Amino acid sequence: MASDNGNFSFDNGVLPKIQTNAAGTKKPANGICHDDSVPPVKAQTIHELHSLQRKRSAPTTPVKEGAGGAVFATISEEERQKLQLQSISASLASLTRETGPKVVRGDPARKAEGGAQKPAPEHHHYITPTISVSDSALKFTHVLYNLSPAELYEQAIKYEKGSFITSNGALATLSGAKTGRSPRDKRVVKDDVTSEGLWWGKGSPNIEMDEHTFLTNRERAVDYLNSLDKVFVNDQFLNWDPENQIKVRIISARAYHSLFMHNMCIRATPEELEDFGTPDFTIYNAGQFPCNRYTHYMTSSTSVDINLARREMVILGTQYAGEMKKGLFSVMHYLMPKRQILSLHSGCNMGKDGDVALFFGLSGTGKTTLSTDHNRYLIGDDEHCWSDNGVSNIEGGCYAKCVDLSQEKEPDIWNAIKFGTVLENVVFEEHTREVDYTDKSVTENTRAAYPIEYIPNAKLPCVGPHPKNVILLACDAFGVLPPVSKLNLAQTMYHFISGYTALVAGTEDGIKEPQATFSACFGAAFIMLHPTKYAAMLAEKMQKYGATAWLVNTGWSGGRYGVGNRIKLSYTRKIIDAIHSGELLNANYQKTEVFGLEIPTGLNGVPSEILDPINTWEDKAAYKETLLKLAGLFKKNFEVFANHKIGTDGSLTDEILAAGPNF
């Protein structure tokens with residue numbers, strides 16, 4: 001009780017009795033005090049409590065109409081899961097055994113939750129000599145099937161050293177010794193079909209291997225995966241065009257790889273997974289295990305092998321996740337043209353009026369920056385298809401460079417790095433887990449892989465109408481290409497096949513010279529057919545659907561690197577905006593010497609004197625000398641394509657050659 005002097009005291013010095021029951025309630029007969037504010041949990045053990053924490057969603061596949069639907073509707077959930085495991089077992093089947101491994105769903109660390117495990121039904125996949133007993137045949141392989149990002153986080157952090165949650169919620173991982181692709185270790189099986197259809201020889205990225213060597217590496221990868229207690233299986237899709245979608249299955253040993261592909265491929269709905277069936281293409285990622293260097297065609301402990309006939313890809317000796325992404329892109333460069341669909345290494349966006357633009361460009365040309373426009377919808381940043389239905393993104397995510405990333409320069413990418421995103425090979429502060437994107441201690445090729453819906457203005461589904469504009473970007477460090485020029489069809493094919501940009505290469509004594517770089521179709525490392533075939537398809541579709549091509553130089557003006565200045569990004573953006581709006585189509589044009597490019601004489605917001613490069617050079621003789629030097633590099637690069645005849649009479653080849661520099 002309060003006393004007059006403001007202090008508290010108790011009558012008779014005795015503490016008042018604490019009332020444990022609400023007023024008017026009767027005291028329990030046993031005299032025990034209960035906290036009856038909430039009901040007790042419905043669990044008798046801690047394991048029961050944990051099982052209550054997680055609920056399982058029921059299948060939601062609707063009953064399908066027609067004959068097929070009637071059969072499908074009769075399949076129970078248990079039978080559906082059996083068929084699913086049967087399909088995965090078939091994928092993991094060795095070539096020396098008739099049946100695949102015994103597979104069971106679930107994490108082996110949670111055996112107590114799943115009860116007794118039963119082997120999957122046998123699936124006779126290969127009629128080959130049987131090994132009656134093996135260690136693989138005596139064990140279960142646990143399948144972690146299409147796990148969610150949260151589940152994959154748990155797996156990575158618990159079992160994969162070098163996995164951490166960063167302060168922005170992303171999963172930081174390490175790709176091991178390889179922090180980039182290994183193009184010299186990529187192999188494609190050369191058989192009766194591919195020997196004639198694919199691009200082989202000088203300039204081609206396709207290095208041959210035979211069927212037997214592929215099967216040897218496949219066996220090595222499958223045996224490694226089957227020796228593990230668990231494997232991760234992703235069933236997903238490529239290509240947002242539903243009529244031309246490809247089903248892919250990725251079998252891997254790391255949660256990092258599973259989450260990466262979860263982000264990069266198109267994610268299947270629960271309904272689609274229940275009726276997924278047999279995949280169209282399968283990746284066996286045994287990257288933690290090396291290939292046998294004594295195997296024919298092997299030049300290192302790394303091998304990335306594609307077999308188009310078997311629709312399979314094998315990865316050994318590299319944990320770099322980008323091998324899977326670009327391997328599937330190579331496959332699409334083969335499969336899509338067979339359907340008269342053009343596969344493209346490009347960015348793609350769409351205006352609010354439905355006008356679509358494609359952006360081609362090598363590293364450093366500004367492709368990502370210019371195709372990311374808050375006034376336009378992003379269809380995709382890297383891989384696309386152009387069919388009779390329009391354009392479609394091949395992927396379900398973005399794979400962005402992180403080196404020197406800042407919120408000011410790339411706000412969309414910065415904000416997309418959050419829970420669910422994979423951060424490859426980045427460095428972070430040990431205590432706060434804040435990422436330092438300027439730190440290149442592990443590699444300069446730091447990357448972020450995230451679902452495309454993490455970009456605010458992404459268009460979902462990632463499809464659009466036929467392109468109105470095709471923009472070829474070049475960062476010309478020689479300073480002789482105009483900021484923008486309009487191309488005819490033959491010029492479009494010539495510059496598309498050339499795939500030009502110029503990099504600045506530093507030397508030890510401090511002298512820096514521009515270095516021309518050519519990559520056919522702006523993605524030579526991934527194309528399967530001869531570049532002229534893709535170029536012919538591009539010209540055909542542009543002509544059919546009325547698209548216009550533009551060559552945009554984002555490089556130097558007024559002199560080469562070290563003498564002139566980089567063209568201001570604000571000017572380049574004005575040029576791109578004028579392309580989108582149609583303003584440039586109505587401009588007046590004049591033709592340049594040597595390259596014969598059509599350049600506008602004036603453009604709102606861009607100084608007219610920079611539109612013709614010769615006006616910005618003080619030394620006109622140096623300009624002409626540099627112009628001829630670059631023209632010679634173009635001609636030399638094109639020699640490898642000059643003898644390839646397109647069509648029956650080869651007239652189109654002659655037309656393309658005539659569209660190049662003339663001097």
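The structure reproduced in this document is the subject of the present report. What you see is a predicted model, and the numbers here were worked out from it, not measured in a lab.

**Things to note about the pairing of strand 10 (residues 303-307)**
Next, step 1: Buried residues dominate strand 10, accounting for five of its five residues.
Next, step 2: Neither face of strand 10 is left uncovered, since the one carrying S303, D305 and N307 and the one carrying V304 and I306 both have all their residues buried.
Next, step 3: Direction of pairing for strand 5 (residues 186-189) relative to strand 10: parallel, over a ladder of three bridges. Looking across to strand 10, one finds that R187 is bridged to D305.
Next, step 4: Examined bridge by bridge, strand 10 and strand 11 (residues 312-316) share five bridges and lie antiparallel to one another. Its bridge partner lying in strand 11, D305 is registered against V314.

**Structural notes on the state of the cysteines**
Next, step 1: The full count for this structure, using the stated rule, is zero disulfides.
Next, step 2: Note on C348: no disulfide assigned, nearest cysteine sulfur contributed by C462 at a separation of 9.7 Å.

**Examining the packing of helix 14 (residues 489-498) against helix 15 (residues 531-545)**
Next, step 1: At a minimum axis separation of 9 Å, helix 14 and helix 15 run at an interaxial angle of 145°. Once helix 14 is placed against helix 15, the crossing between them reads as right-handed. Facing L489, T492, M493, F496 and I497 of helix 14, the residues of helix 15 in contact are P531, T532, Y534, A535, A536, L538, A539, M542 and Q543.
Next, step 2: Class assignment of the residues belonging to the contact of helix 14 with helix 15 gives a composition of 11 nonpolar, three polar and no charged.

**Details of the sheet that holds strand 16 (residues 383-387)**
Next, step 1: Sheet architecture is open: four strands sit in the order 12-16-17-23, paired in antiparallel fashion. The sheet is open, and its two borders are formed by strand 12 (342-345) and strand 23 (463-464), each paired with just one other strand.
Next, step 2: Bridge count for strand 16 against strand 17 (residues 390-393) is four bridges, and the pairing is antiparallel. Bridge assignment links C385 to a residue of strand 17, and that residue is S392.
Next, step 3: On top of the sheet, helix 11 (residues 322-338) reaches strand 12 and strand 16; it is set at about 150° to strand 12, its chief contact.

**Considerations on helix 11**
Next, step 1: Taking 1.5 Å as the rise per residue, helix 11 with 17 residues should run 24 Å; its terminal C-alpha atoms sit 25 Å apart, in good agreement.
Next, step 2: When you tally the buried positions in helix 11, you get 16 out of 17 residues, the bulk of the element.
Next, step 3: Taken from the residues just after helix 11, Q340 is the one with a positive phi, measuring 65°.

**Describing the packing of aromatic side chains**
Next, step 1: A complete count under the given rule lists 21 aromatic pairs for this structure.
Next, step 2: For the ring pair F360 and F496, a centre distance of 5.4 Å and an interplane angle of 80° mean the geometry is edge-to-face. Of the two residues, F360 sits in strand 14 (residues 356-360) while F496 sits in helix 14, which places them 136 residues apart along the sequence. An identical accessibility class is assigned to F360 and F496; each is buried.
Next, step 3: With a centroid separation of 5.1 Å and an interplanar angle of 85°, the aromatic rings of F518 and F634 are classed as edge-to-face. Taken together, the residues F518 in strand 27 (residues 512-518) and F634 in helix 17 (residues 620-642) connect sequence positions 116 residues apart.

**Side note on the pattern of salt bridges**
Next, step 1: Enumeration over the complete set of coordinates arrives at 16 salt bridges.
Next, step 2: For the salt bridge of E312 with R310, the shortest nitrogen-to-oxygen distance reads 2.9 Å.
Next, step 3: D382 is paired through a salt bridge with K326; the nearest N and O atoms lie 2.7 Å apart. Of the two residues, D382 sits in the loop between strand 15 (377-380) and strand 16 while K326 sits in helix 11, which places them 56 residues apart along the sequence. Residue D382 shares its accessibility class with K326, and that shared class is buried.

**Focus on the environment of A177**
Next, step 1: Mapped onto the fold, A177 is located in the loop between strand 4 (171-173) and strand 5.
Next, step 2: You can call A177 exposed: its relative accessible area is 83%.

**A short note on unusual backbone geometry**
Trans peptide bonds make up the majority, and among non-glycine residues the majority have a negative phi.
Next, step 1: The residue after L460, namely P461, is reached through a cis peptide bond having omega -5°.
Next, step 2: Even without being a glycine, D404 presents a positive backbone phi close to 60°.
Next, step 3: Looking at where D404 falls in the secondary structure, it is placed in the loop between strand 18 (397-401) and helix 13 (411-416).

**Examining the side chain of D185**
Next, step 1: Among the secondary structure elements, D185 is positioned in the loop between strand 4 and strand 5.
Next, step 2: Put simply, D185 is tucked away with no salt bridge, and the nearest opposite charge, on K178, sits 4.2 Å away.
Next, step 3: Residues within four places of D185 in sequence aside, it is in contact with K178, T299, S300, T302, S303 and V304.

**Considerations on the nonpolar core**
Next, step 1: One finds L225, W386, I417, L423, Y450, F496 and F595 to be the most contacted residues of the largest nonpolar core, which totals 155 residues.
Next, step 2: For this core, the element with the most residues is helix 11, which contributes eight residues.
Next, step 3: Counting 18 residues, the second largest nonpolar core, distinct from the first, contains L473, W550, A578 and V606.

**Some remarks on helix 8 (residues 211-227)**
Because an α-helix packs 3.6 residues into every turn, residues spaced three or four apart end up facing the same way.
Next, step 1: Over its 17 residues, helix 8 runs 24 Å from end to end, which matches the ideal 24 Å to within 8%, given 1.5 Å per residue.
Next, step 2: Of all the residues in helix 8, the buried ones are T213, F214, N217, R218, E219, A221, V222, Y224, L225 and N226.

**Points about the sheet that holds strand 7 (residues 230-238)**
Next, step 1: One open sheet accounts for nine strands, arranged 1-2-7-8-9-11-10-5-6; its pairing is mixed. Single-partner strands in this sheet number two, and they are strand 1 (102-105) and strand 6 (208-209).
Next, step 2: Those strands touched by helix 8 are strand 2 (140-145), strand 5, strand 6, strand 7, strand 8 (246-252), strand 9 (281-286), strand 10 and strand 11, and its axis lies near 65° from that of strand 11.

Reading the values: rules and limits
- Residues numbered from 1 in each chain as written.
- Predicted model: local features only at pLDDT ≥ 70, side-chain atom pairs only at ≥ 80, totals over all residues.
- Heavy atoms only, no water.
- Buried < 20%, exposed > 50% of the residue type's maximum accessible area, 1.4 Å probe, protein only.
- Helix = DSSP H or I, 4+ residues; strand = E, 2+ residues; numbered from the N terminus.
- Pairing = 2+ DSSP bridges.
- Disulfide = S-S within 2.5 Å.
- Axes fitted to C-alpha atoms, helices over the stretch in contact; angles between N-to-C directions.
- Left-handed = near helix turned anticlockwise from the far one by under 90°.
- Contact = heavy atoms within 4.5 Å.
- Nonpolar A, V, L, I, M, F, W, Y, C, P; charged D, E, K, R; others polar.
- Expected span 1.5 Å × (residues − 1).
- Phe/Tyr/Trp six-rings, centres within 6.5 Å; stacked < 30°, edge-to-face > 60°.
- Salt bridge = Lys/Arg side-chain N within 4 Å of Asp/Glu carboxyl O.
- Lys, Arg positive; Asp, Glu negative; His and termini not counted.
- Core = buried A, V, L, I, M, F, W, Y, C linked by side-chain atoms within 4.5 Å.

This is a description of form; function is not addressed.
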